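# Structural characterization, general
In case you want the letters, here they are:
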Amino acid sequence: MAEEMRLHLEGLAERHAAAGLSPKEARDAALRQFGHVEGLKEQSRDQRRVGWVEDLFRDFVYAIRSLRSNPGFTAVAVFTLALAIGLNSTTFFLIDKLFICPVAPVDRGHVVTIHTGRKQADGQRSFRAFSFAEFIAIAQAADVFDRVAAVQLSTAAVGRDEDVKTLLVCLVSQDYFSVFGAVPASGRFFRAEETQPNAAQSAAVLSYTFWQKLGGRPDVVGSRITINRRDYTIIGVAPRGFSGANSVAGPEVWLPLGVASAVVRGWTGAEDLSDARVRPLALIGRLLPHLTVNAANARLPDIDARLNASPLSDPDGARQLLVKLPPRLDLSFVWPSDQPWVDESIRTSLGLAMMVLLVASLNLANLLLVRGMTRRKEIAVRLSLGASRGRVVRQLLTEGALLALMGAAAGGIICWWTGQLLTGFFQHIMAGGATSFNLEIEVDPPLLIATLFFCLTATLLFALGPALQATKLDLIEQLKLQPGAASRAGRWNRLFSLQHCLVMGQLALSVMLLFCAGLFVRSNQDESRTDATYLGFQTEREFVAHVNYELTDSCTPDQLKSRQRALLARVRAITGVERASLSSLVPYSTFNWDIRLVSAEQTSTAAAAAHRETVTSVRSLFTAVTDGYFQMLEIPLRRGRDFTPTEAVEGRGRPVAIISEELARTLFGDVDPIGRCLQGAEPGEREIEVVGVVRGPRNDGDWEQRPWPRIYRPLGQVLVPDTYVHVKIAPGTIPGPMLTQLGREMRALDPRTPVLSLQPLAEIVASNVNRVARFLTADIFAISGGLVLILALIGVYGVKAHTVALRTREIGIRIALGARRQEVLALILRQAVVQILVSVAVGGALALAAGRVLSSVLIKISPDDPAALLTSTGLLSTASLVAALVPALRAARTDPTITLRTE
Amino acid sequence: MAKEKPDLVYGTLDMLVLKALQHEPRHGLGIADRIQQISDEVLNVEQGSLYPALYRLEAEGWISAEWGSSENKRKARYYKLTAAGRKQLTAEMDHWSRVTAAINQVLAKA
């Protein structure tokens, strides 16, 4: 177009020249004849329909240039957006993966766990596992379930010779994987004939992570693996990230129910699933499509009636079935888990994340407002040159959109990086454990796009306001105006201008958020404690070795006891070992052994009166130990006595037990339990005398305030081939060489019994699955809190820097007129201090209100926790003050001659 | 020759341009010359103001343009009337005659 016009002008000039004018006069005449070239060009451009695409592109390029020439502003804005988008995406992702996203596609029916409960005299319901026959009967209830699977968890020694490790294995029926709709990553899953009781077909399915650990070879299907000293053929590999219902961890190997007798040993030897009295199974199933959990529960009484009338009925009394959504963080689901803290945590985490986004948006709004004001003059010039208002607004919005895009890109990177960091960290912690860690924290595109969309909308909205305001100018006024003189009269006006209100709002919100985050961090802080006062047992200088006598050739009970006796004596004889003890389970391990206990008196009275169902059974954690165990772990003995070596190691004498205070209180009330008897809840159990009471050590399941009841029996009096050797080394001994010697001695004593592991007790505590999950939750809050602080600081600094810059001229004048630097400083800071005080006061009030709302979720922390309140208000005030101080100092140090000269 | 008041002319510029292109393609300078010529030098528009009109007409699809070389071997952009343009010209001319007839009628009555 320009060329066309040029040619036209040349043609006209030629004619004039031909008519006799000089070249210059000819050109002038041509121009006069033509008209105002630039204006015409602009008009012509406007005529073109295709204009808006070109305009957009040009706006884009201009936006890039303008952002590049303002690196400070751009960096801050992009950083704010990136932090908000990136870290919030990670938070949302974690919460979704841990708690919310359904275990399997819901449209094909809900996945639920099935429980059988019986009402007790005290109003509580007690639950137990199912027998195989019951499982079959329930699986046939076609009006409720699409399919049902049975599950039994166990530990097993996987591998051979030196590579043996104790891992979590899961024995399942053939429908297990199809309940979740899982498709094998390789090979196949179990068939019906493999999962019948005592089928003894040696098939195994590996978890994806375990397959990777073994080398990830494509020909793994068909190769063999040794489990509990038997060879199994690997028939398939589970899909990536599959761990059943658990969000975080799962078994490394799945085996069919048919091999239960080879893998799982009960108290009295191998377990026979075809026996109707053997009840080890937990049930999980899929409801019919479109059937809700409540609707399913409504149909269950029919099945109850059928079961209670059939030969499968329980002699202890009528039972009721119950279905629930599966727990996301428990491995076992015989008892329905009520985790109210989960729902609350989800809500609060989401609320917190939303708030962070809000704060970030406020920050951004402020930045854009400030920028709009700085560019008033430039916009005025553009408007006067002929740009339409819409055009200028469009350009400002394009700039905002560009910022949002850049922020989103940076946010995506942060999200990815955080994910890698967290995954690596947790995999490292769990590497020594017996489960596979299946939580893959990765960038989730839909989530990222949703957050981007939110930020884009917010940015455009915030850019629109200033854009409209900036273009609604009185041009002459604006062109004349000095930036500093834009401040209107009145101190209150200045104090509560839109900008300052935004900042104060941001500060108040930040105080509230920091407080909430602080509350949560403190509430969850305890979970990371590993000191003896919190755990209830000592982990310093404690080490645990694991051997399993089942893995040697079969031995009689007497042989087992004598081997254990020899082991204990040998270990105690090693120099450097202060104390040693054997136990059936490590405290705070991921695995637990629980049994139901009843008071012997109550049982006999009830039996006499034929009221068995009124007997209260207490679910307790069971551990078999040798003498000296409590002393070694520093678990205080409250009453009575410890086991004698005769009882503990040789197993002679009457059946005795030591119980925890919680169990004593539940079974016997306030009466002294020493001398009283209890027994297992199953009919035909022997009576056991209580000889001591200890303060029960903490267990990982102690979310709620009440600790688990615990019972300890002498190792010699029960048959436990799976043995943990606890060793406490003397102070000053170097662990390394001593442990090597320990391993050597143990292997020398019994060459056929492999030492499955040898690690510090503290490490075992750290790799507990539930603890890890809680860590994740606490981390979310800590991250959000830190984020909020950073954003608030950025906001304050940005606004203060700008307002001070606006007043540069005024400050220069004051200094020139004789004001001292301190007076200038005081002048600027006075405003800042007032604003901070107001914000913090409002924020504190908001924080206390929020604390009330959250009080139901907090454990052991009062909602008015003074420490958290003080920290959050103090931290924010100090930080804001510093952020305001920096520009103020800079201003006070300005040379008035320079500032008065510049504009 | 005196220039007539330009306002009225600009309102009808589109129609004049289309008419100028009725018989053969012309370039910008050529269109200005043609209008001047067939109005007997009465209509003497500011030459540059043709261009917004030309681009508008092109955007509407009533004329099409391509580069060519002019009489004195110079590069120039030639505009041509399209079929839609011809229809538009006829429509505008009808509209014009109706409007002027009405105005004349008003002015004729005292």
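The rules behind each value
- Residues numbered from 1 in each chain as written.
- Chains lettered and ligands numbered in written order.
- Predicted model: local features only at pLDDT ≥ 70, side-chain atom pairs only at ≥ 80, totals over all residues.
- Heavy atoms only, no water.
- Helix = DSSP H or I, 4+ residues; strand = E, 2+ residues; numbered from the N terminus.
- Buried < 20%, exposed > 50% of the residue type's maximum accessible area, 1.4 Å probe, protein only.
- Contact = heavy atoms within 4.5 Å.
- Areas by Shrake-Rupley, 256 points an atom, 1.4 Å probe, with all protein chains shown as cover.
- Patch = residues over 30% accessible without salt bridge, like charges linked within 9 Å, V, L, I, M, F, W, Y side chains within 5 Å.
- Salt bridge = Lys/Arg side-chain N within 4 Å of Asp/Glu carboxyl O.
- Axes fitted to C-alpha atoms, helices over the stretch in contact; angles between N-to-C directions.
- Parallel < 35°, antiparallel > 145°, perpendicular 65-115°, else oblique.
- Nonpolar A, V, L, I, M, F, W, Y, C, P; charged D, E, K, R; others polar.
- Arc of directions from axis to C-beta.
- Core = buried A, V, L, I, M, F, W, Y, C linked by side-chain atoms within 4.5 Å.
- Left-handed = near helix turned anticlockwise from the far one by under 90°.
- Buried area = accessible area lost by both parts, 1.4 Å probe.
- Polar contact = N/O pair within 3.5 Å; in protein donor to acceptor, adjacent residues only side chain to side chain.
- pLDDT = per-residue confidence, 0-100.
- Phe/Tyr/Trp six-rings, centres within 6.5 Å; stacked < 30°, edge-to-face > 60°.
- Lys NZ or Arg CZ within 6 Å of the ring centre and 35° of its normal.
- Pairing = 2+ DSSP bridges.

Turning our eyes to something else, we now look at the overall build of chain B. Per the secondary structure count, chain B includes five helices and three strands. Here chain B holds 110 residues, and 38% of them are scored as buried. Excluding contacts between residues fewer than 6 apart, the proportion of contacts in chain B whose partners are at least 24 apart in sequence is 47%. Within the structure as shown, chain B displays about 6,500 Å² of accessible surface, and the carbon and sulfur contribution to it stands at 55%.

In this section: the overall build of chain A. Helix and strand content of chain A: 30 helices and 26 strands. Expressed as a percentage of the 903 residues in chain A, the buried residues total 52%. Accessible surface for chain A amounts to roughly 39,300 Å². Of this, 59% is attributable to carbon and sulfur atoms.

The subject of this paragraph is the side chain of A:Thr623. All names here are of chain A. Position of threonine 623 among the secondary structure elements: in strand 19 (residues 618–625). What makes threonine 623 buried here is its relative accessible area of 4%. The residues touching threonine 623, leaving out its near neighbours within four places in the chain, are Ser583, Ser584, Leu585, Arg710, Ile711, Tyr712 and Arg713.

Residues and elements named next belong to chain A. There is a patch of nonpolar side chains on the surface, built from Phe57, Phe60, Val61, Ile64 and Leu405 and spanning about 440 Å² of accessible area. By residue number, the principal contributor to the nonpolar patch is helix 4 (residues 51–68), which donates four residues. Tracing the backbone shows valine 61 in helix 4.

All right, on to the packing of helix 3 (residues 28–38) of chain B against helix 4 (residues 50–60) of chain B then. Residue and element names in this part refer to chain B. One can describe the packing of helix 3 onto helix 4 by two numbers: an axis separation of 11 Å at closest approach and a directional angle of 110 degrees. In terms of axis orientation, helix 3 runs roughly perpendicular to helix 4. Only Leu50, Tyr51 and Leu54 of helix 4 make contact with helix 3, whose side of the interface consists of Gly28, Ile31 and Ala32. Taken together, the residues of the contact of helix 3 with helix 4 sort by class into five nonpolar, one polar and no charged.

The subject of this paragraph is helix 27 (residues 808–816) of chain A. Since the α-helix turns once every 3.6 residues, residues separated by three or four places project in the same direction. Residue and element names in this part refer to chain A. The set of residues buried in helix 27 consists of Ile811, Gly812 and Ile815. Buried residues in helix 27, looked at end-on, bunch into an arc of 100 degrees, giving them a common side. Phi turns positive, to about 115 degrees, at glycine 818, one or two residues after helix 27.

So, on to the nonpolar core. Residue and element names in this part refer to chain A. In this structure, Ile659, Leu678, Ile711 and Met746 are the most contacted members of the largest nonpolar core, which totals 64 residues. Looking at which element gives the most residues to this core, the answer is strand 23 (residues 688–694), with five residues. Every residue in contact with isoleucine 711, bar those within four places of it in the chain, is listed here: Ile595, Leu597, Ser620, Leu621, Phe622, Thr623, Ala657, Ile658, Ile659, Leu663 and Leu678. Core analysis: the second largest hydrophobic core is formed by 59 residues, Leu397, Leu402, Phe520 and Leu791 among them.

Once that is clear, we can look at the packing of helix 28 (residues 821–854) of chain A against helix 29 (residues 866–892) of chain A. Residue and element names in this part refer to chain A. Two numbers describe how helix 28 lies on helix 29: the axes approach to 9 Å, and their chain directions differ by 155 degrees. Judged by the inter-axis angle, helix 28 sits roughly antiparallel to helix 29. Remark: the crossing between helix 28 and helix 29 carries right-handed chirality. Along its contact with helix 28, which presents Arg821, Val824, Leu825, Ile828, Leu829, Ala832, Val833, Ile836, Val840, Ala847 and Leu848, the element helix 29 presents Leu869, Thr873, Ser877, Ser880, Leu881, Ala884, Leu885, Ala888, Leu889, Ala891 and Ala892. Classifying every residue of the contact of helix 28 with helix 29 by side-chain character gives 18 nonpolar, three polar and one charged.

So, about the environment of A:Ala766. Residue and element names in this part refer to chain A. Position of alanine 766 among the secondary structure elements: in helix 25 (residues 761–766). On the basis of relative accessibility, which here comes to 29%, the residue alanine 766 falls in the partly exposed class. Taking the C-alpha atoms as reference points, alanine 766 and tyrosine 588, separated by 178 residues in sequence, lie 9.0 Å from one another.

Residues and elements named next belong to chain A. On the secondary structure map, valine 111 appears in strand 1 (residues 111–119). For valine 111, a relative accessible area of 7% translates into the label buried. For the pair valine 111 and leucine 287, spaced 176 residues apart in the sequence, the C-alpha separation amounts to 6.4 Å. The contact partners of valine 111, leaving out residues within four places of it in the chain, are Ala104, Val179, Phe180, Ile284, Gly285, Arg286, Leu325 and Pro326.

Moving on, we come to the interface of chain A and chain B. Taken together, the 20 residues of chain A in the interface contact 19 residues of chain B. Roughly 1,900 Å² is buried in total at the junction of chain A and chain B, and carbon and sulfur atoms are behind 52% of that figure. Linking chain A to chain B there are three salt bridges. Summed over the shared surface of chain A and chain B, the number is five residue pairs in polar contact (both at pLDDT 80 or more). Elements that contribute at least two residues to the side of chain A that touches chain B include exactly helix 1 (2–18), helix 2 (23–34) and helix 3 (37–47) of chain A. When residues of the side of chain A that touches chain B are assigned to their parent elements, the largest contribution, 10 residues, is made by helix 1 of chain A. Of the residues contributing to the side of chain A that touches chain B, the split by class is six nonpolar, seven polar and seven charged.

Residues and elements named next belong to chain B. Per-residue confidence for chain B gives a mean pLDDT of 81, with 88% of residues at or over 70. For chain B, helix 1 (residues 6–11) is the element with the lowest average pLDDT, namely 54, and helix 5 (residues 83–108) is the one with the highest, namely 90. Confidence drops under a pLDDT of 50 for residues 1–5, and excluding neighbours within four residues, the segment shows three contacts in the predicted structure.

Scanning all chains against the criterion turns up 16 aromatic pairs over all chains. Each ring, one from A:Phe34 and one from B:Tyr51, has its centre 5.8 Å from the other, and the planes form 40 degrees; the classification is tilted. Of this pair, A:Phe34 sits in helix 2 while B:Tyr51 is found in helix 4, placing the two residues in two different chains. According to the relative accessible area criterion, A:Phe34 is buried, its value standing at 0%. Judged by relative accessible area, which is 1%, B:Tyr51 ranks as buried. With a centroid separation of 6.4 Å and an interplanar angle of 50 degrees, the aromatic rings of A:Phe177 and A:Phe190 are classed as tilted. With A:Phe177 in helix 7 (residues 176–179) and A:Phe190 in the loop between strand 5 (186–187) and strand 6 (203–206), this residue pair connects regions lying 13 residues apart in the sequence. One exposure class covers both A:Phe177 and A:Phe190, and it is buried. Put simply, the rings of A:Tyr176, A:Phe177, A:Phe180, A:Phe189, A:Phe190, A:Phe242 and A:Trp254 pair up and form one aromatic cluster. The cationic tip of A:Arg382 hangs over the ring face of A:Tyr62; the distance from NZ or CZ to the ring centre is 4.9 Å.

Once that is clear, we can look at the sheet that holds strand 3 (residues 75–81) of chain B. Residues and elements named next belong to chain B. With antiparallel pairing, the three strands of this open sheet are ordered in space as 1-3-2. On the outer flanks of this sheet lie strand 1 (26–27) and strand 2 (63–69), each paired with one strand and no other. As paired elements, strand 2 and strand 3 share seven bridges and run antiparallel to each other. Directly across from glutamate 66, in strand 3, lies its bridge partner tyrosine 78.

Let's shift gears to the pattern of salt bridges. Tallied over the entire structure, the rule returns 30 salt bridges over all chains. Close ionic contact of A:Glu662 with A:Arg665 constitutes a salt bridge, the shortest N to O distance being 2.7 Å. One end of the pair is A:Glu662 and the other is A:Arg665, both in helix 23 (residues 661–668) and three residues apart, which spans about a single turn. With a relative accessible area of 8%, A:Glu662 lands in the buried category. A network of salt bridges, in which partner residues are shared, links A:Glu3, A:Arg6, A:Glu10 and B:Lys75.

The backbone phi angle of A:Asn198 is positive, close to 60 degrees, even though this residue is not glycine. In this structure, A:Asn198 sits in the loop between strand 5 and strand 6.

Here the focus is the pairing of strand 1 of chain A. All names here are of chain A. Burial runs high along strand 1: eight of the nine residues are buried. One ladder, built from four bridges, connects strand 1 with strand 13 (residues 282–287); its direction is antiparallel. If you follow valine 111 over to strand 13, its bridge partner there is arginine 286. Strand direction decides the pairing type here: strand 1 and strand 14 (residues 320–324), joined by five bridges, are antiparallel. Note on strand 14: the bridge partner recorded for glycine 117 is glutamine 320. Looking at chain direction, strand 1 and strand 2 (residues 125–128) are connected through four bridges and run antiparallel. Its bridge partner being in strand 2, threonine 116 is matched across the sheet by arginine 128.

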